[in-house]
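Given next are the chains, with one letter for each unit.
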Amino acid sequence: MFQNLETCLEKYIPQEELNHVQRILYGKKLEELQLPKSCLNNEDNIEVKGFRFESLTEEFREKRIVRVGVIQNQIVLPTTAPLAEQRNAIYKKISKIISLAAEANVNVLCLQEAWPMPFVFCTREKFPWCEFAESAETGPTTLFLKDICKQYNMVIVSPILERDEQEVIWNTAVVIDNFGKVIGKHRKNHIPRVGDFNESTYYMEGNTGHPVFETAFGRIAINICYGRHHPLNWLMFGLNGAEIVFNPSATIDGLSETLWGIEARTAAVANSYFSCAINRVGTETFPSEFTSGDGKPAHKSFGHFYGSSYITAPDGSRTPGLSRTRDGLLISEIDLNLCRQVKDHWGFQMTRRLDLYAESLSDIVNSK
């Protein structure tokens, strides 16, 4: 299977030409982080990469250095295994990867969409999959991560399948601070109805708006999966003051891979914040066949989740992606001061016309 774009380019393009190709594809060349050997050469063969985004040194502001991490992973057990065993096996794997992030001094970490479970939503079967739904505040996944956050002094964004007090199910990202406290949650704003990804069987559009969470390591927000296709969704997190926006996702090859490297990157440029795109990896097979509503034969898997997680700075420079096939941890050292530096340079916030957009949007909404 094709591993990733970076490996292919390095294999076939001479170094001098490769430098120009990488400059055009990824912006300025990033310095690789010097990470602990125990982190890089870990016993579980987790791919670990780290990069540093440079910024200007200012006279009136100290640098605001933060290490951000994102994790992509495959499920562990087959989807036919007992649910508790499936979830506990994922917990065990993720705890090991988080420990690698801690070795590398990561401050803020985001996991992939619906990370404690298979991505069951496209099967459209309610049972047994709805049993994975849990409380955002007191469920087993949040309790599991609370201790880890305290242990490592780390903020963790935990996307789960939430069941609220009214027995309503949501696709939710829980934010747990470095003291182990749940400081808030965001529910997925945009729900796909594309091929297999007809997730409205389980949950509908969220009701939390575009919250930004103040943490010890900066102002963060979460644009869950399909929301990346909506530019105004990205815009609102920026207007509300986000400095880092995570995009935990689950998307397969043949569907949106041509868009993957573009959307989070252009969002970072347009809104002058850091964006972190996290995708699941691997192929998940289910017991019962399901159809896509596109005339194709019934099948038991969605296809291959192609990983390729990456991080982009507000100046448009980005890291190489993680593998399309391996579990991975991507770390970036960033200076949040770069957000304002880019705003001052390009003047996007000064030259945009929110009043004009608001008037036009109001006219369109009211004409319906």
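Analysis parameters
- Residues numbered from 1 in each chain as written.
- Predicted model: local features only at pLDDT ≥ 70, side-chain atom pairs only at ≥ 80, totals over all residues.
- Heavy atoms only, no water.
- Core = buried A, V, L, I, M, F, W, Y, C linked by side-chain atoms within 4.5 Å.
- Buried < 20%, exposed > 50% of the residue type's maximum accessible area, 1.4 Å probe, protein only.
- Contact = heavy atoms within 4.5 Å.
- UniProt positions renumbered as here; feature names shortened; annotations may be inferred.
- Helix = DSSP H or I, 4+ residues; strand = E, 2+ residues; numbered from the N terminus.
- Phe/Tyr/Trp six-rings, centres within 6.5 Å; stacked < 30°, edge-to-face > 60°.
- Lys NZ or Arg CZ within 6 Å of the ring centre and 35° of its normal.

A. Main features of the nonpolar core. Formed by 32 residues in total, the largest nonpolar core has its most connected members in Val68, Ile220, Ile244, Phe246, Phe274, Cys276 and Ile334. Those residues in contact with Ile334, other than ones at most four positions away along the chain, are Phe53, Arg64, Ile65, Val66, Val68, Ile244 and Phe274.

B. Looking closely at the UniProt feature "domain: CN hydrolase" (unreviewed entry) in the protein chain. Under the feature "domain: CN hydrolase" (unreviewed entry), the UniProt entry names residues 66-336. Secondary structure content for residues 66-336 is 21% helix and 32% strand, while the C-alpha to C-alpha distance between its ends is 7 Å.

C. Fine view of the packing of aromatic side chains. Tallied over the entire structure, the rule returns 19 aromatic pairs. Ring centres 4.4 Å apart and planes at 5° place the aromatic pair Tyr91 and Phe144 in the stacked group. Of this pair, Tyr91 sits in helix α4 (residues 83-103) while Phe144 sits in helix α5 (residues 140-152), and the two are 53 residues apart along the sequence. Looking at Tyr91, the relative accessible area reads 8%, which means it is buried. Assessed through its relative accessible area of 22%, Phe144 is described here as partly exposed. Plain terms: the ring middles of Trp260 and Tyr310 are 6.1 Å apart, the flat faces sit at 90° to each other, and that makes the pair edge-to-face. You can see Trp260 sitting in helix α7 (residues 257-271) and its partner Tyr310 sitting in strand β16 (residues 310-312), a full 50 residues away along the chain. Each of the two residues, Trp260 as well as Tyr310, counts as buried. Sitting over the face of the ring of Tyr310, Arg318 holds its NZ or CZ atom 4.0 Å from the ring centroid.

D. Layout of unusual backbone geometry. Cis rather than trans, the peptide bond between Phe127 and Pro128 has omega equal to 5°. With respect to the helices, strands and loops of the structure, Pro128 is situated in the loop between β4 (108-110) and α5. The backbone of Glu167 shows a phi angle near 65°, a positive value even though the residue is not glycine. For Glu167, the position within the fold is in the loop between β5 (155-163) and β6 (169-176).

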